[in-house]
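# Observations on the three-dimensional arrangement
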Amino acid sequence: MLRVAGPEDLDDLHAFEVRCFRDHPFRRDHVEWILGNDHALTLVQDGTDGFVAVMMLLFEGRSCRVLSIGVARNARRRGIATRLMQAAEALCRERKIGAVRLEVSTRNLAAIELYRGLGYRTDGVLYGYYSWGEDAYSMTKSLAPEPSSRIPPQAQPSSSININ
Ligand SMILES: CC(C)(COP(=O)(O)OP(=O)(O)OC[C@H]1O[C@@H](n2cnc3c(N)ncnc32)[C@H](O)[C@@H]1OP(=O)(O)O)[C@@H](O)C(=O)NCCC(=O)NCCS
């Protein structure tokens, strides 16, 4: 079950960042900014020992940007990131948002494979995009409307979204 994170999750979210993105986690104040941003949404999957997965979205007019997606190391290759991305797309369709965008390091082969498999296409290379100097691919997926898709619950803190 997914739920929307709130300000009370800040410490756990930052701890997850550090565990999951060992070399380049978001800074705590950046996570705090995301949690406090009315246009952003952080979805988390709780586990017995901290979060199993976290995804951060930023709604930018007619498109949605995936700021971050991470799955705990011991839970990878089980389709969790795939289901998170599909949940994001379902939310976007419900909000009549036509495209999902993201940036991914050109060295992050696991994430690139994930996004390609979901239908994301590279539309540019952002040289020196990251503060540590790595390049990024800009990737986009256009969302066709799905008239019969299930409507997820209202995206409010404490609500949950079933992705199973
Ligand atoms: C990238 C990441 C989110 C994938 O999460 P996941 O839950 O393991 O992904 P899924 O199980 O849904 O994998 C879906 C597909 O992505 C690809 N993929 C995922 N991990 C891969 C890996 N290590 N190597 C190659 N392909 C990989 C595969 O095509 C996979 O399908 P398959 O398992 O049927 O072969 C996870 O590895 C992670 O958290 N990495 C660290 C954080 C990160 O880099 N986030 C992305 C940038 S913000």
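Quick note: structure is the one above.
What you are looking at is a predicted structure, and each value in this text was computed from that prediction instead of being measured.

## Describing helix α1 (residues 10-20)
- Within α1 the residues assigned to the buried category are Leu-13, Phe-16 and Glu-17. One side of α1 holds all its buried residues, which, seen down the axis, span an arc of 105 degrees. Facing away from the buried side of α1, by more than 90 degrees, are the exposed residues Asp-11 and Val-18.

## Here we look at the site of the ligand
- Near the ligand, the surroundings consist of 21 residues, among which Arg-76, Ala-81, Thr-82, Ala-110 and Leu-114 are the closest.
- Where the shell around the ligand is concerned, the elements lending two or more residues are β4 (63-71), α3 (80-94) and α4 (109-117).
- Considering each element in turn, the shell around the ligand owes the most residues, six residues, to α4.
- Considered class by class, the residues forming the shell around the ligand number eleven nonpolar, six polar and four charged.

## Things to note about unusual backbone geometry
- In this structure, Arg-77 is a non-glycine residue whose phi angle is positive, near 60 degrees.
- Among the structural elements, Arg-77 can be located in the loop between β4 and α3.
- Positive phi, normally seen in glycine, also occurs at Lys-96, with a value near 60 degrees.
- Relative to the elements of secondary structure, Lys-96 occurs in the loop between α3 and β5 (99-105).
- Under the C-beta neighbour-count criterion, Lys-96 is labelled exposed, with 9 such atoms within 10 Å.

## What about the pairing of strand β2 (residues 40-47)?
- By the bridge criterion, three bridges tie strand β1 (residues 2-4) to β2 in an arrangement that is antiparallel. Residue pairing for β2: Arg-3 is matched across the bridge by Val-44.
- Here β2 runs beside strand β3 (residues 50-60); their pairing, made up of eight bridges, is antiparallel. What sits directly across from Leu-41, in β3, is Leu-57.
- Between β2 and β3, which follow one another and run antiparallel, lie two residues.

## Side note on the pairing of β3
- Examined bridge by bridge, β3 and β4 share eight bridges and lie antiparallel to one another. Directly across from Val-54, in β4, lies its bridge partner Gly-70.
- Hairpin connection between β3 and β4: a loop of two residues separates the two successive antiparallel strands, and Gly-61 in this loop has a positive phi of roughly 65 degrees.

## Focus on the nonpolar core
- Counting 32 residues, the largest nonpolar core has Ala-53, Val-54, Met-55, Leu-57, Val-66, Leu-84 and Ala-88 as the members making the most contacts within it.
- Listed by contribution, the elements that provide at least two residues to this core are α1, α2 (28-36), β2, β3, β4, α3, β5 and β7 (136-142).

Cut-offs and rules
Residues numbered from 1 in each chain as written. Predicted model: local features only at pLDDT ≥ 70, side-chain atom pairs only at ≥ 80, totals over all residues. Buried ≥ 20, exposed ≤ 12 C-beta atoms within 10 Å, placed from the backbone. Helix = DSSP H or I, 4+ residues; strand = E, 2+ residues; numbered from the N terminus. Arc of directions from axis to C-beta. Near = placed C-beta within 6 Å. Nonpolar A, V, L, I, M, F, W, Y, C, P; charged D, E, K, R; others polar. Pairing = 2+ DSSP bridges. Core = buried A, V, L, I, M, F, W, Y, C linked by C-beta atoms within 7 Å.

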